[in-house]
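A look at the structure
Listed here are the chains, written in short residue letters.
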Amino acid sequence: MNIIILDTYKELSIRGAGFFIQTLASNPTAVLGLATGSTPIGVYQQLIEQYQAGQLDFSAVTTFNLDEYIGLHRDHPQSYYSFMQQELFQHINISPDRIHVPSGVEDNFGAHCQWYEDAIIAAGGIDLQILGIGTDGHIAFNEPGTALGSRTHLTDLDQQTIIDNARFFDSADNVPRRAITMGVATIMDAREVILLATGENKAVAIQAAIESPVGSECTASALQNHPNVTFLLDPAAASLLTNQ
Ligand code: PGA
């Protein structure tokens, strides 16, 4: 595990974007695993700037997002598909048919989950996966108690996650209660993983992820067994780590 502590969100975003830039420099057809939430937005802004400066080409890139709310059509303003369009996709030259975000509206979710797993394998697997972390230690929507061997599946959101995500909706009542998410094992299959976290409210989760025994109570702790993972943290998120 690599742990990098950077003073500002901007530095963290530049460093995070650097992983994508390096991956694309060595492989223009790379498969990228993408995340929603506030934390990765700075990385996406850096990637957009580099693209606009003519330094990056996404034309042959394939992407897979981590998760989506159940019940929200992809055109819903709070869907993760819409989030990705606004924060990244509409600003770069990615081919729409190479974008994958799990669907929150399906007749047969079992088949859709299997299709998502198969599509990742058919694309050659994820080269670089970016993650945030929930205050409850989740990666993607793998809430506490989720099996570390899990694959793409449907899940109930934790009360804490509903509260945390209420800021994107009119109220907590409007936050969907269920989601479709890559599993922990799906994420662990990525060849390289970066996890970004900022702020004091992530310090407990980061300590559990890095220093507690691996277990499903903090699904991010599974990353301790990943061969190529980097945590990019600000000092507040790293503040409870004993070994800094
Ligand atoms: P955040 O969400 O980046 O908005 O804090 C992280 C997460 O829940 O994974």
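The rules behind each value
- Residues numbered from 1 in each chain as written.
- Predicted model: local features only at pLDDT ≥ 70, side-chain atom pairs only at ≥ 80, totals over all residues.
- Heavy atoms only, no water.
- Core = buried A, V, L, I, M, F, W, Y, C linked by side-chain atoms within 4.5 Å.
- Buried < 20%, exposed > 50% of the residue type's maximum accessible area, 1.4 Å probe, protein only.
- Contact = heavy atoms within 4.5 Å.
- Phe/Tyr/Trp six-rings, centres within 6.5 Å; stacked < 30°, edge-to-face > 60°.
- Helix = DSSP H or I, 4+ residues; strand = E, 2+ residues; numbered from the N terminus.
- Axes fitted to C-alpha atoms, helices over the stretch in contact; angles between N-to-C directions.
- Parallel < 35°, antiparallel > 145°, perpendicular 65-115°, else oblique.
- Left-handed = near helix turned anticlockwise from the far one by under 90°.
- Pairing = 2+ DSSP bridges.
- Near = heavy atom within 4 Å.
- Polar contact = N/O pair within 3.5 Å; in protein donor to acceptor, adjacent residues only side chain to side chain.
- Areas by Shrake-Rupley, 256 points an atom, 1.4 Å probe, with all protein chains shown as cover.
- Nonpolar A, V, L, I, M, F, W, Y, C, P; charged D, E, K, R; others polar.

**So, the nonpolar core**
In terms of nonpolar packing, the biggest core is built from 63 residues, with Tyr44, Leu195 and Ile206 touching the most fellow members. When residues no more than four places from it in sequence are discounted, the contact partners of leucine 195 are Leu131, Gly132, Ile133, Ile139, Ile206, Ala220, Leu223, Thr230, Phe231 and Leu232. Judged by nonpolar contacts, the second largest core, of 10 residues, contains Tyr80, Leu157, Ile162 and Val175.

**Examining the packing of aromatic side chains**
Tallying each qualifying case throughout the model produces seven aromatic pairs. The interplanar angle of 80° and the centroid separation of 5.6 Å between the aromatic rings of phenylalanine 64 and tyrosine 116 together place this pair among those described as edge-to-face. In this pair, phenylalanine 64 sits in strand β3 (residues 62-65) while tyrosine 116 sits in helix α4 (residues 109-122), placing the two residues 52 residues apart along the sequence. For phenylalanine 64, a relative accessible area of 0% corresponds to the buried category. Seen in terms of ring centroids, tyrosine 80 and phenylalanine 141 are 6.0 Å apart; in terms of plane orientation they differ by 20°. Their pairing is stacked. Placement of tyrosine 80 in helix α3 (residues 80-87) and of phenylalanine 141 in the loop between β6 (128-131) and β7 (153-156) is noted, with a sequence separation of 61 residues between them.

**Some points on the environment of isoleucine 5**
Inspection of the secondary structure assignment puts isoleucine 5 in strand β1 (residues 2-5). Linking isoleucine 5 and valine 31, residues 26 residues apart in sequence, is a C-alpha distance of 26 Å.

**Re the packing of helix α1 (residues 9-26) against helix α2 (residues 41-52)**
Interaxial distance between α1 and α2 falls to 8 Å at its minimum, and their mutual angle equals 60°. On the basis of the axis angle, α1 is oblique to α2. Between α1 and α2 the crossing geometry is right-handed. Side by side, α1 and α2 meet where Tyr9, Lys10, Ser13, Ile14, Gly16, Ala17, Phe20 and Ile21 of the first sit next to Ile41, Gly42, Val43, Gln46, Leu47 and Gln50 of the second.

**Things to note about the sheet that holds strand β9 (residues 192-197)**
What the seven strands build is an open sheet, ordered β1-β10-β9-β6-β2-β3-β5; its pairing is parallel. Lying at the two open borders of the sheet, with one neighbouring strand each, are β1 and β5 (99-100). Taken together, the four bridges between strand β2 (residues 31-34) and β3 define a ladder with parallel strand orientation. Bridged to glycine 33 within β3 is phenylalanine 64. Against the sheet, α4 touches β3 and β5, its axis set at about 145° to β3. Contacts from helix α7 (residues 203-211) reach β1, β9 and β10 (229-233) within the one sheet, and its direction differs from that of β10 by about 155°.

**Topic: the site of the ligand**
The environment of the ligand is formed by Gly37, Ser38, Thr39, Gly132, Ile133, Gly134, His138, Arg167 and Lys202. With respect to the ligand, the backbone of serine 38 contributes an N or O atom lying 2.8 Å from an oxygen atom. Measuring from an oxygen atom of the ligand, one finds a side-chain N or O atom of lysine 202 at 2.6 Å. Bound to the protein, the ligand loses 83% of the 280 Å² it would expose on its own. Among the residues forming the shell around the ligand, the class breakdown is one nonpolar, six polar and two charged.

**Some thoughts on unusual backbone geometry**
Phi angles above zero are rare outside glycine, and alanine 140 is one such case at about 50°. With respect to the element layout, alanine 140 can be found in the loop between β6 and β7. Given the relative accessible area of 8%, alanine 140 is considered buried.

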